[in-house]
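# Residue-level structural notes
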Amino acid sequence: MELIAPEELALISSADSADAHPLTIAQQDSKLPESPQKSPAVAPAFDYLRLMSSTSLEEGEEAFLNQPPRLVFNAETAIAMQNAMRTRLPASKSNSNDAAELALALDEPWRYERYHWSGLIAQSLFFSAIEASVRMASDDQIRRLVARKPFWHDYFASLRQFNMGRWNDGDNFLVNYVGHPMQGAVAAYIEIQNDPTGRQQQISATHDYWMSRFKGFLWSTAFSVQSELSPFGEAGIGNEGGWTYPINCHRPCARWNAKTMKSTNNTGWVDFIITPTVGMLWLMAEDTIDRYITGRIQGDRRSAAFPLILRGALNPSRTFANALRFKTPWYRDFQHGLPEKYDLAPQRRSGFGVHMLPGDDEIPAPLRRLSFAAHYRAMPLGSLNSPCGICIANHGAGFEVDYAITRWISASVSLDKQDGLMTPKKLAMSEASGAPDAMGKTVIAGFGVRLVRDRPHNTFSLAIRPGFVVDQVHIPAHVNTLKDSYQGPTAFSITHTAASLMLANDYKINRKFAVRSSFGATIVRYRTPVRDPDGIGTPPYISFLSKENFTNHTTWVWQGGPVFHF
C-alpha cells in the first residue's frame, strides 16, 4: 500500500472541511488555480470516507479516470483487512486509534474462534468416567454396591445423609490435599484448553492470563461439586453419605473401639473447598515451571526426547488434560500453529514450530453427524438357556442410530430383538419352570454414547449404552404334573435393567458407506430373593441403603452389518 503525500493530505482535509462548512466554499474556490489546464495533473488521493458515497463523479475527477490506482491490493493486504473485520475488539477500545493495539489484534486470530463447548463437556465426562473406574477398581465395597444394589434408590438415599456440618470427611492427607487439588487442576486445564484465547496464554501479569485462569477456577469449582453430588460422582458411584465405616480400618474392622475410634460417611466441606482453591495454586505452579524451567530447557529443540519427556513429567495435571483430548504430554497450544481454518496469515507465524501430532495442520473432512447401522446379532459363546463353548446361539437383528456431537463422541441409540430367553428359568415365573419347551423373544434397548477414533480407512469406536431388557416368554399348552392339571398357552414379559458395551470397527468403503463388525457384552441385572437385615445397623456400620440385592449376568455378543452416513 502506497503512502499519501502531505500535500495530498492537505487537499483531502480541505475537501472534507468544505463538505462540513458549505458557507466557506466560495472562499476555498478562490484559492484554486484559475484554469484546470494550467495546473499539473495530480492523481487524487484515496478518500476512505467516499467508499460509502454515491458513484457520481465530482468536477475535475473525469480527467483522472485512466490514472493507475493509488490503493494497491495484494495477498497481505487482503489478509490484514479480513483479520481486521473478523477480529472482535473490546467495546472500550472500539474508538482507539492505537496502531500497536490493532497490530496485536491482527496477529491473534484465535480471538474470533468460537468457544469449544462440546469439547469441554465431552472431556469432563471422560475425566469423570476415568475417576469412577479407578475408584471401582480399587475398592471392593464400591464394586459390591454398584453390582448388587439399586442405583437410583441408593443415590437419593445417600444425598439425604450428606453431613455439611464438619470440615474433614475422613480421608487421609494424601487424598484430600494432594489428590483433590490435582483433580481441580485437571478440571481447570480442561476449561483452559477449550478456550481459544486462554490456551494461548503463559503465566504473566496480563489480563488475558488471569481472566483465563479465573474461568478455569469457576469450572473447577463446578466440576468439584459434580464429582461429589452428581449420579456420576461419589454419591452415585459408591453411595458416599449413605453408609458409614470406621476411619483407617478396613471392613470388617476387628479392632473397632467406640471410645478411641471414629466412623464417617465420607462427607464434609474439605473436598468442595480444597479441590478448586488449592487446585488453582497447583495449576499456577505448573504454569511457572512450564515457562521458566522446562520451557527454557526445551528452547527451540522441539524434537529432542529428553526436554519433551521432562516437560510432560513436571506438569502432570496438564499432561492428563492433554490425554483427555488425545494430545501428547508436552503439547502446548501457544507453541503450535493454529488449525488452517482459523489461521488466515500462516506465513507470519512460521516461528511457532512444528506440530507434535499429525493432522493439526490439515483441513478435516466435513463431519457427517447422522449414521444408521443395521446388523445381524448372535451370541458366539452361548447364553443362559443355550450354553455352549463356541457356537452361534440366539440369532437376532437390530439397528443403531448415532448422532455426532463432536468428532470423537456421539449420542447412540440401539434396539435389538433376538430368539431365546435371557432370563434364567429359576428366576422366571413358576409356569415357565414347569414347561421345558418355553419359547420367546428378547428385546434389548440402549441409550448412551459412542466414543469414536476416526482413521483414514477405518473407524474404531466404543459404545456404552445403559438401557433395559424385556423377556417375552411364550408357554405352550402343557400338563402341569405338580398340580395335576392342564394349562393352556400363556404369555408374559419380564423387564430388567441392563447395559451394553460394544467395541466396533468400521471398514470404510467410501465416505457414506462402511461395514461394521462389533464385539461386546450385554450385562443384565436380576433381582434375587436375598435381602439385607432390616434396620440401619449399629456403629460403626450404619446403612441407609436399600435392603434388596441384585445379581448380574454377562452375555457376549457379536454384531455385523452395513453403516450409512448422512
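Residues numbered from 1 in each chain as written. Predicted model: local features only at pLDDT ≥ 70, side-chain atom pairs only at ≥ 80, totals over all residues. Heavy atoms only, no water.

## With respect to the overall build of the protein chain
- Check the secondary structure of the protein chain and you find 13 helices and 14 strands.
- Here the protein chain, with 566 residues, has 39% of them falling under the buried criterion.
- Partitioning the intrachain contacts of the protein chain with sequence separation of at least 6 by distance along the chain shows that 68% fall at a separation of at least 24.
- Accessible surface, the protein chain: about 32300 Å² in total, of which carbon and sulfur atoms supply 64%. (Helix = DSSP H or I, 4+ residues; strand = E, 2+ residues; numbered from the N terminus. Buried < 20%, exposed > 50% of the residue type's maximum accessible area, 1.4 Å probe, protein only. Contact = heavy atoms within 4.5 Å. Areas by Shrake-Rupley, 256 points an atom, 1.4 Å probe, with all protein chains shown as cover.)

## So, the pattern of salt bridges
- Under the defined criterion, the tally for this structure stands at 16 salt bridges.
- The closest approach of N and O atoms between Asp-506 and Arg-516, which form a salt bridge, is 2.8 Å. With a gap of 10 residues between them, Asp-506 in strand β10 (residues 490-508) and Arg-516 in strand β11 (residues 513-531) connect regions that are remote in the sequence. Each member of the pair Asp-506 and Arg-516 is classed as buried.
- Among the ionic pairs, Glu-548 bridges to Arg-527, the shortest N-O distance being 3.4 Å. (Salt bridge = Lys/Arg side-chain N within 4 Å of Asp/Glu carboxyl O.)

## A few points about the nonpolar core
- Residues Phe-127, Val-186, Tyr-189, Ile-190, Leu-283 and Leu-324 are the most contacted members of the largest nonpolar core, which totals 14 residues.
- Taken together, the elements giving at least two residues each to this core come down to α5 (117-138), α8 (173-192), α10 (270-298) and α12 (316-324).
- Counting residues per element, this core draws most heavily on α8, which supplies 7 residues.
- Non-local contacts of Val-186, meaning those with residues more than four positions away in its chain, are made with Phe-127, Ser-317, Phe-320, Ala-321 and Leu-324.
- Judged by nonpolar contacts, the second largest core, of 5 residues, contains Ile-444, Val-469, Val-524 and Tyr-526. (Core = buried A, V, L, I, M, F, W, Y, C linked by side-chain atoms within 4.5 Å.)

## Looking at unusual backbone geometry
- In this structure, Pro-540 follows Pro-539 across a cis peptide bond, with omega equal to 5°.
- Relative to the helices and strands, Pro-540 is located in the loop between β12 (537-538) and β13 (541-542).
- Phi is positive for Asn-248, close to 60°, though the residue is something other than glycine.
- Positioned with a positive phi, Phe-326 is a non-glycine residue whose angle comes to about 60°.
- By the element assignment, Phe-326 lies in the loop between α12 and β3 (370-379).

## A word on the pairing of β11
- The pairing of β10 with β11 spans 11 bridges and is antiparallel. Looking at β11, one finds that Ala-504 is bridged to Ser-518.
- The turn joining β10 and β11, which pair antiparallel and follow one another in sequence, is formed by 4 residues.
- Bridge count for β11 against strand β14 (residues 548-565) is 16 bridges, and the pairing is antiparallel. Each residue of the ladder has a partner; that of Arg-516, found in β14, is Gly-561. (Pairing = 2+ DSSP bridges.)

## Concerning the environment of Glu-191
- Tracing the backbone shows Glu-191 in helix α8.
- The exposure class of Glu-191 is buried, given its relative accessible area of 3%.
- In this structure, Glu-191 is in contact with Tyr-115, Leu-120, Ser-212, Lys-215, Gly-216 and Trp-219, ignoring residues within four places of it in sequence.

## Details of the packing of aromatic side chains
- Applying the stated criterion to the full structure yields 19 aromatic pairs.
- For the pair Tyr-115 and Trp-117, a centre-to-centre distance of 4.7 Å together with 45° between the ring planes defines the contact as tilted.
- Trp-117 gets classed as exposed once you look at its relative accessible area, which sits at 56%.
- Where Phe-127 meets Phe-223, the ring centres are 5.1 Å apart and the plane angle is 10°; that geometry is what we call stacked. You can see Phe-127 sitting in helix α5 and its partner Phe-223 sitting in helix α9 (residues 207-229), a full 96 residues away along the chain.
- Given the relative accessible area of 4%, Phe-223 is considered buried. (Phe/Tyr/Trp six-rings, centres within 6.5 Å; stacked < 30°, edge-to-face > 60°.)

## Concerning α12
- The set of residues buried in α12 consists of Ser-317, Arg-318, Thr-319, Ala-321, Asn-322 and Leu-324.
- Looking at the buried side of α12, the elements it contacts are α5, α8, α9, α10 and α11 (305-313).
- Phe-326 lies just past α12 and shows a positive phi near 60°.

## Observations concerning the side chain of Asp-154
- Topologically, Asp-154 is positioned in helix α7 (residues 151-159).
- Among buried Asp, Glu, Lys and Arg side chains, Asp-154 stands out as unpaired, with Lys-149 the closest opposite charge at 5.7 Å.
- Engagement of the side chain of Asp-154 in a polar contact is seen with the backbone nitrogen of Ser-546, the distance being 2.8 Å.
- Those residues in contact with Asp-154, other than ones at most four positions away along the chain, are Lys-149, Asn-239, Leu-545 and Ser-546. (Lys, Arg positive; Asp, Glu negative; His and termini not counted. Polar contact = N/O pair within 3.5 Å; in protein donor to acceptor, adjacent residues only side chain to side chain.)

## Some details on the side chain of Gln-183
- Relative to the helices and strands, Gln-183 is located in helix α8.
- Taking relative accessible area as the criterion, Gln-183 reaches 8% and is therefore assigned buried.
- A polar contact of 2.7 Å, which involves the side chain of Gln-183, links it to the side chain of Glu-131.
- Among all residues touching Gln-183, those that are not within four sequence positions of it are Phe-127, Glu-131, Phe-223, Ser-227 and Thr-275.

## Considerations on the confidence of the model for the protein chain
- Model confidence for the protein chain is summarised by a mean pLDDT of 78, while 70% of its residues fall at 70 or above.
- Overall, residues 9-13 carries pLDDT values under 50, and its contacts beyond four positions in sequence, including any with other chains, amount to 3 contacts.
- Note that residues 340-362 has pLDDT below 50 and, in this model, 48 contacts with residues that lie over four places away or in other chains. (pLDDT = per-residue confidence, 0-100.)

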